[in-house]
Amino acid sequence: MNYNNIEVLRNYIGKEWIHNQIEKTNDNSLLKELGSEYETYHPFVHYQYELDYLIRLAETDKAKDVALQKWYHILNNAGWLLKMNLPFLENVEEMRMRLRDSEHFDDVVWELEVATMLRINNVRTKLLTPNEKQTNDLEIILFNKTLQIECKNKELNNSRYNTNQIFAQSLINSLSDVEVIQGKAIEISYENARYQDIRKITKIVRDKFDIFDYQSIDGRYKVRSSLKYFEKDISNILDNDEIRFISDAKSVQKKDLYKKETKGDFKCRFILKFPLENKRLSNLENLLKKANKQLIIGGVLFLKVPHETFDEAKEYVQSELNRKFSNISAIKLFGIKYDNLPDEGIRVDRKEELITSSRSKYQLSEEETDFFRKDMFFSKYNLNNTADNTTSEQRSIGK
C-alpha cells in the first residue's frame, strides 16, 4: 500500500483545512452521537474515523496489521489521480476548492479518472477550466482530430435510507440502557426519521413503556414489544422483507468492545422497520440534457453509474440517445462497485460499454468508435508505478 498518494492529496487540499474539518466534527459530536449530516462529511473525515476504528480493532485483537477499507481506497485513488494530472492543471486553486467540496468530491475525482484513462491510452488530454463559451470538462486530440469530452457521475439518491439507517443505530444506542425494556424484543417502525426525535422517543419509552407495550410517537414512530422476535435466530427474523436492521444489546466490558466475537449478558433486542434502499436511477434525462447542452460542438459523454444500475442505465440511454440529444456523439457508460472484503481490502467490479448515436450531428468515425469501444477503466492498473493498486475485475485492492 502507498500512503504517499493520500499525503499528496492531503497536502494539496490543505492539512490545516482537513484538521479543522475533523475538529469541527468532533466538537459538534454529530458523527459520534447522532450521525446527522453523516453523508455530508468530507472523505478525509470519514477516513479518520475509519482509521480510528481499525486501530482499536487491531489493538483489541493484538493484530500486527489490518486490511484498510473503503475510505483509504477512495483517498488513495484520488491522490494517485491528482498526481497524474497535476502537471496538466490550468487552474490549481480552482481544483483545490473543488476537492474541498464534499458534495462534489466524487464528481471531480471522476473527471480526473477519465482524463487519466484517456492519457494512459495515448490520447492527448486537456482538463478545461469552464467559461461562458465552453463548460465541458475535457478536450482531447484523437487521430489528429479535436474532440470534446463531458464527464458525469450519477449516484443513487439514498439520503432517506442512509438517514434512517444511521438513525436506527443512534436510537438503539440511546435506548439500550432503558430499564423498562430490558429482556424484551422491541420493534420500531418509521418512514422518515429525524435525529432530533431521539431524545423524545427515549423519554417516552422510559416513562411509559412499563405501562403500555405499544407507543405511537407523533404519528411518526411506532414502538412495540414483540414476543415473536424474542427467541428466534436473527437469520430467521431477516426472512421478513419489512425488517432492515436487527441488533442485540449486551453488557460488554470495555476491553472486549471491539472484538469480532463479543460475549456479554443479553439486555434486549431491537428490530427496526423502515423503507427499502432505492436501487433505481432518477433524473437521468436531466443529466443527459445538461451534457447535451455542455457539448456545444459535439462530443462523447463519459457516464459513471452504480454497478447495480448499469443495465437499467444502458437500456434508457440506448432508447433516448437515438431520439434526442443530438450533440452527444456517443456515451461511454461505466458501472462501478467497491466492496469491502473482510481481512483482504477492497474489490473493484466494473462494467463498461460504448453506446453510439445515429441521430447525433457529430458522428464518430469508425476508428474513433473502435477506440472508445475498448475497455479503459482498468488501464491504470497496468502501469508499473501503480503496483500498490494492482487488481483485476475479481481481485482485491489495498491489502
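Above this text is the structure in question.
In this report, we go over the structure that sits alongside the text.

Cut-offs applied
Residues numbered from 1 in each chain as written. Predicted model: local features only at pLDDT ≥ 70, side-chain atom pairs only at ≥ 80, totals over all residues. Heavy atoms only, no water. Helix = DSSP H or I, 4+ residues; strand = E, 2+ residues; numbered from the N terminus. Buried < 20%, exposed > 50% of the residue type's maximum accessible area, 1.4 Å probe, protein only. Contact = heavy atoms within 4.5 Å. Areas by Shrake-Rupley, 256 points an atom, 1.4 Å probe, with all protein chains shown as cover. Pairing = 2+ DSSP bridges. Expected span 1.5 Å × (residues − 1). Salt bridge = Lys/Arg side-chain N within 4 Å of Asp/Glu carboxyl O. Core = buried A, V, L, I, M, F, W, Y, C linked by side-chain atoms within 4.5 Å.

Quick look at the overall build of the protein chain
- The helix and strand tally for the protein chain stands at 13 helices and 12 strands.
- Per-residue burial over the protein chain gives 49% buried out of 399 residues.
- Taking as baseline every contact in the protein chain between residues at least 6 positions apart, the subset at least 24 positions apart corresponds to 71%.
- Carbon and sulfur atoms provide 45% of the accessible area of the protein chain, an area that totals close to 21,000 Å².

Describing the pairing of strand β1 (residues 124–127)
- Only one face of β1 is covered, namely the one carrying T125 and L127; the face carrying R124 and K126 has none of its residues buried.
- Bridge count for β1 against strand β2 (residues 138–142) is four bridges, and the pairing is antiparallel. Its bridge partner being in β2, T125 is matched across the sheet by I140.

Considerations on helix α4 (residues 43–61)
- Compared with an ideal rise of 1.5 Å per residue, which puts 19 residues at 27 Å, α4 spans 27 Å between its outermost C-alpha atoms and is within 8% of the ideal.
- Buried residues of α4: P43, F44, V45, H46, Y47, Y49, E50, L51, L54, L57, A58 and T60, and no others.
- K62 sits one or two positions beyond α4 and adopts a positive phi of about 55°.

Overview of the pattern of salt bridges
- For the structure shown, the criterion picks out 27 salt bridges.
- Between D207 and K203 there is a salt bridge, with the nearest N and O atoms lying 2.9 Å from each other. Of this pair, D207 and K203 both sit in helix α9 (residues 198–208), four residues apart, roughly one helical turn.
- Among the residues examined, D207 registers a relative accessible area of 40% and is labelled partly exposed.
- Of the charged contacts, one joins E285 and K324 as a salt bridge, the two residues approaching to 2.6 Å between their closest N and O atoms. Linking E285 in helix α11 (residues 284–294) with K324 in the loop between α12 (310–321) and β10 (328–341), this pair joins segments that are 39 residues apart in sequence.
- Through salt bridges with shared partners, a single network forms among E187, R224, E242 and K273.

Looking at the nonpolar core
- L9, L99, L118, I149, F302 and F372 are the most contacted members of the largest nonpolar core, which totals 59 residues.
- Sorting elements by how many residues they give to this core places helix α7 (residues 105–120) first, with nine residues.
- In contact with L99, not counting residues within four places along its chain, are L9, Y12, I13, H42, L82, F105, V108 and V109.
- Ranked by size, the runner-up nonpolar core spans 28 residues in total, among them I166, L171, A193 and F209.

Side note on unusual backbone geometry
- A positive phi is found at N122, a non-glycine position, where the angle reads about 65°.
- Residue placement: N122 occurs in the loop between α7 and β1.
- Positive phi, close to 60°, is recorded for F325, a residue that is not glycine.
- By the element assignment, F325 lies in the loop between α12 and β10.
- Taking relative accessible area as the criterion, F325 reaches 7% and is therefore assigned buried.

All quantities given are derived from atomic positions and should not be read as evidence of function.
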